[in-house]
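Letter by letter, the chains look like this.
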Amino acid sequence: KRKNKTINILVDTVLGFYEFLARGNELPGLDVYKEQRMNPQFKKFLHELVPNSNKIRKNILHRKTEEKEVKAISREQYNQLLEHCNTIRDKALIAVLFEGGLRLSEALGLFIEDIEPFNNKIKIQPRDNLENGASVKNKAKGELYVPPYVMKYITDYIVEELVDLDTNFLFVNLEGKNKGKPMKSITVQKLFSRLSKKVGFYVHPHMCRHGHATELIESGWDLVEVKERLRHRSVQSTTVYTHLSDEHKKKKINEFYEKKGVTEDE
């Protein structure tokens, strides 16, 4: 069974090929399109030079897709995860994911040289062909600042657990046959699976990134600022977090009215 999103991709691909053939007069055109107005908040580059650039064609075979639910952890849940970590490395990794908003693959691709302890700064540097398969999405290099306590986790980990291991990677295996080798995604997934059982709620690494973005939105950061922090290619990728912000606002206003004794009947 295919999801509607997958079906739409397949249909769009086939129709695109038909349109290519139609423009070459090899096949008659297919009357399967209707025009829709674009969201006025998002405009294409140089849209004012293109006639009817505020309209898009959509095929009538397009299936409705549900918005993907964004799952994020709260700061309280994040703190619970830290409490159940057995190593400083695990605390450092989870802290980097939550407070830095890094993708897991970006964190696993960090080298020790990417850490600037005295500036509380982490450099995101795209690298090719790493042995653990880690990579930086869209090669979106950048620099980000983290709270001092996160940097202390990192430096304590380097001094106490990483010091005797010969490696350039920041996050490595600390025991077993792969000791000293860079951690892989599957290893961290297993770590989060164990932590989920300990804390009593399900959590996976990317929920830390979502949690970070949600906190930024709720604290008043605008979408462009969050986009730069997360190194999204497009601000549209960041808009997914505005839904979480709306829920936060709704919760806060309801709490306010409850304290004021305002009921639904008033």
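Use the structure listed above.
Residues numbered from 1 in each chain as written. Predicted model: local features only at pLDDT ≥ 70, side-chain atom pairs only at ≥ 80, totals over all residues. Heavy atoms only, no water.

Novice: Pulling in residues and values, what's your account of the packing of aromatic side chains?
Specialist: Within the structure shown, the criterion is met by five aromatic pairs. Residues Tyr 78 and Phe 98 carry aromatic rings whose centres are separated by 4.2 Å and whose planes lie at 10 degrees to one another, so their mutual orientation is stacked. In this pair, Tyr 78 is assigned in helix α2 (residues 75-83) and Phe 98 in helix α3 (residues 88-100), connecting sequence segments 20 residues apart. As far as burial versus exposure is concerned, Tyr 78 and Phe 98 are alike and both buried. Ring centres of Phe 111 and Phe 169 lie 5.0 Å apart, and the angle between their planes is 70 degrees; on these two criteria the pair is classed as edge-to-face. In this pair, Phe 111 sits in the loop between α4 (104-108) and β3 (115-116) while Phe 169 sits in the loop between α5 (148-162) and α6 (185-199), placing the two residues 58 residues apart along the sequence. Across the pair, exposure class does not vary: Phe 111 and Phe 169 are buried alike. Here the guanidinium or amino end of Arg 127 rests over the ring plane of Phe 111, the centre of that ring lying 3.8 Å away. (Phe/Tyr/Trp six-rings, centres within 6.5 Å; stacked < 30°, edge-to-face > 60°. Helix = DSSP H or I, 4+ residues; strand = E, 2+ residues; numbered from the N terminus. Buried < 20%, exposed > 50% of the residue type's maximum accessible area, 1.4 Å probe, protein only. Lys NZ or Arg CZ within 6 Å of the ring centre and 35° of its normal.)

Novice: Outline unusual backbone geometry, listing residues and values.
Specialist: The phi angle at Asn 25 is positive, at roughly 60 degrees, despite the residue not being glycine. Along the chain, the position of Asn 25 falls in the loop between α1 (4-23) and β1 (33-37). The exposure class assigned to Asn 25 is exposed, which follows from its relative accessible area of 72%. The phi dihedral of Asn 129 falls on the positive side, at around 60 degrees, and the residue is not glycine. Summarising the element assignment, Asn 129 is placed in the loop between β4 (121-124) and β5 (142-145).

Novice: How would you sum up the side chain of Asn 173? Please name residues and give values.
Specialist: Secondary-structure assignment places Asn 173 in the loop between α5 and α6. Residue contacts for Asn 173: discarding those within four places in its chain leaves Arg 89, Leu 165, Asn 178, Lys 179, Gly 180, Lys 181, Pro 182, Met 183 and Thr 187. (Contact = heavy atoms within 4.5 Å.)

Novice: Describe the sheet that holds β5, listing the residues and the values that go with them.
Specialist: An order of β3-β4-β5 is seen for the three strands of this open sheet, with the pairing classed as antiparallel. With one partner strand each, in any of the chains shown, β3 and β5 form the two edges of the open sheet. (Pairing = 2+ DSSP bridges.)

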